[in-house]
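Overview (structure and organization)
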Amino acid sequence: MDQPQKWTETIEDKHSLFDLKLKEVWKYKDLVYMFVKRDFVSSFKQTILGPIWFFINPILTTIVYLIVFGRIAKLPTDGSPPLLFYLAGVTLWNYFSSALTGTSYTFAGNAGIFGKVYFPRLVTPISIVISNLMRFGVQILLFVIVWGYYLSKGEIHPHWWWILITPFLIFLMAVFALGTGMIFSSLTTKYKDLNMILGFGVSLYMYATPVIYPASSLTGIFKKISYYNPLTGIFECFKYSWIGVGDFSPLMLGLSTIIIFVIFMIGLVIFNKVEKTFMDTV
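None of these values were measured; they are calculated from a predicted model. (Residues numbered from 1 in each chain as written. Predicted model: local features only at pLDDT ≥ 70, side-chain atom pairs only at ≥ 80, totals over all residues. Heavy atoms only, no water.)

**Quick look at the overall build of the protein**
Looking only at helices and strands, one finds 12 helices and 0 strands in the protein. Moving toward the C terminus, one meets the helices and strands of the protein in the order α-α-α-α-α-α-α-α-α-α-α-α. Considering only contacts in the protein between residues 6 or more positions apart, those separated by 24 or more positions represent 80%. Element-wise, carbon and sulfur atoms account for 69% of the exposed surface of the protein, whose accessible area totals about 15,200 Å². (Helix = DSSP H or I, 4+ residues; strand = E, 2+ residues; numbered from the N terminus. Contact = heavy atoms within 4.5 Å. Areas by Shrake-Rupley, 256 points an atom, 1.4 Å probe, with all protein chains shown as cover.)

Right, dumping it as structure tokens:
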């Protein structure tokens, strides 16, 4: 008598919209590693300087901000060294914007792979966030070097709990980029116009975030609105802990944390709903 066949994997159409599928994602951790390696290596292919570009980008951007916003516009930096102030903002912003942009093209950019083989779709945006995290690690090394220089000169007075808070801030940025990216990725499968708006929207969002200016320079209604920007609490906390300046309060970071996780859950629900039918519209 034939023994009943045992299946190692069962693919079901029906599942909870709130199902994170973390156990399934963990089974495909090798695939996450392969995607991260692919994205990281592809960044250096056919380039002369290779990983040095990760340093060149924040250096050039910081110099431009220093000239335009520091020397010409004369925006305040709360008394901190302008070079270090702008470099801190650029380092954080580069990670968030690249992770957000990458995850927002999850469905459109991987339709060929999704249509041929099954794996948890959440693997792709997670791998994008992690691969950008590796780039962020290279760029923050540059920030630490400059930070150490100003620290040795006694021009900054950091709060030493930055050792504890920094991993949490990076985690919040990753979750925010992942959640927002999943929302845009899901919507762009049906509304292609969002692809055109996204690039402009991300650039515009930078000016609504305290990257080139401190939150303390805002007044009135603009200051109140800035508190509801999830990145405001993250950027201000980072600068306050590392440089010792900024309009930071635990309440601000707590509000950012709540908003980020709400956006993440919304993105997860939309992503789980769209992944079942996106091949019909992409």
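**Some remarks on the packing of aromatic side chains**
Tallied over the full model, the rule gives 20 aromatic pairs. Centre to centre, the rings of Tyr65 and Phe69 are 5.4 Å apart; their planes meet at 70°, and the pair counts as edge-to-face. Residue Tyr65 and its partner Phe69 are both found in helix 3 (residues 53–72); the two are separated by 4 residues, about one turn of the helix. You can call Tyr65 buried: its relative accessible area is 13%. For Phe69, a relative accessible area of 14% puts it in the buried group. Seen in terms of ring centroids, Trp147 and Trp242 are 5.0 Å apart; in terms of plane orientation they differ by 75°. Their pairing is edge-to-face. Of this pair, Trp147 sits in helix 7 (residues 123–152) while Trp242 is found in helix 11 (residues 230–242), placing the two residues 95 residues apart along the sequence. The same class applies to Trp147 as to Trp242, namely buried. Through pairs of rings, three or more aromatic residues link up here, namely Phe143, Trp147, Trp160, Trp162, Phe238 and Trp242. (Phe/Tyr/Trp six-rings, centres within 6.5 Å; stacked < 30°, edge-to-face > 60°. Buried < 20%, exposed > 50% of the residue type's maximum accessible area, 1.4 Å probe, protein only.)

**What to know about helix 12 (residues 250–274)**
Between its first and last C-alpha atoms helix 12 spans 36 Å; for 25 residues at 1.5 Å apiece the expected length is 36 Å, and the two agree. Looking at helix 12, one finds that the buried residues are Met252, Leu253, Ser256, Thr257, Ile259, Ile260, Phe264, Gly267, Leu268, Phe271, Asn272 and Val274. (Expected span 1.5 Å × (residues − 1).)

**Remarks on helix 7**
Over its 30 residues, helix 7 extends 43 Å from the first C-alpha to the last, a length consistent with the 44 Å expected when each residue adds 1.5 Å. One or two residues past the end of helix 7 sits Gly154, with phi positive at roughly 75°.

**Brief notes about the environment of Asn132**
Inspection of the secondary structure puts Asn132 in helix 7. Asn132 gets classed as buried once you look at its relative accessible area, which sits at 7%. In sequence terms Asn132 and Asp39 are 93 residues apart; their C-alpha atoms lie 8.7 Å from each other. For Asn132, the contacting residues outside a window of four places in its chain are Tyr95, Ser98 and Ala99.

**Considering a nonpolar patch on the surface**
A cluster of nonpolar side chains, contributed by Ile59, Leu60, Ile63, Val64, Ile67, Val68 and Ile72, occupies part of the molecular surface with about 600 Å² of accessible area. Within the secondary structure, Ile59 sits in helix 3. (Patch = residues over 30% accessible without salt bridge, like charges linked within 9 Å, V, L, I, M, F, W, Y side chains within 5 Å. Salt bridge = Lys/Arg side-chain N within 4 Å of Asp/Glu carboxyl O.)

**Some words on the side chain of Glu236**
Inspection of the secondary structure puts Glu236 in helix 11. For the buried Glu236, which has no salt bridge, the nearest side chain bearing the opposite charge is Lys239, at an N-O separation of 4.8 Å. With near-sequence residues (within four places) excluded, Glu236 lies in contact with Pro210, Pro214, Ala215, Val245, Gly246, Asp247, Phe248 and Met252. (Lys, Arg positive; Asp, Glu negative; His and termini not counted.)

**Overview of the pattern of salt bridges**
For the coordinates displayed, the defined rule picks out 2 salt bridges. Between Glu155 and Lys153 there is a salt bridge, with its nearest N and O atoms 3.1 Å apart. A salt bridge links Lys223 to Asp247; its shortest N-O distance comes to 2.6 Å. In this pair, Lys223 sits in helix 10 (residues 220–226) while Asp247 sits in the loop between helix 11 and helix 12, placing the two residues 24 residues apart along the sequence.

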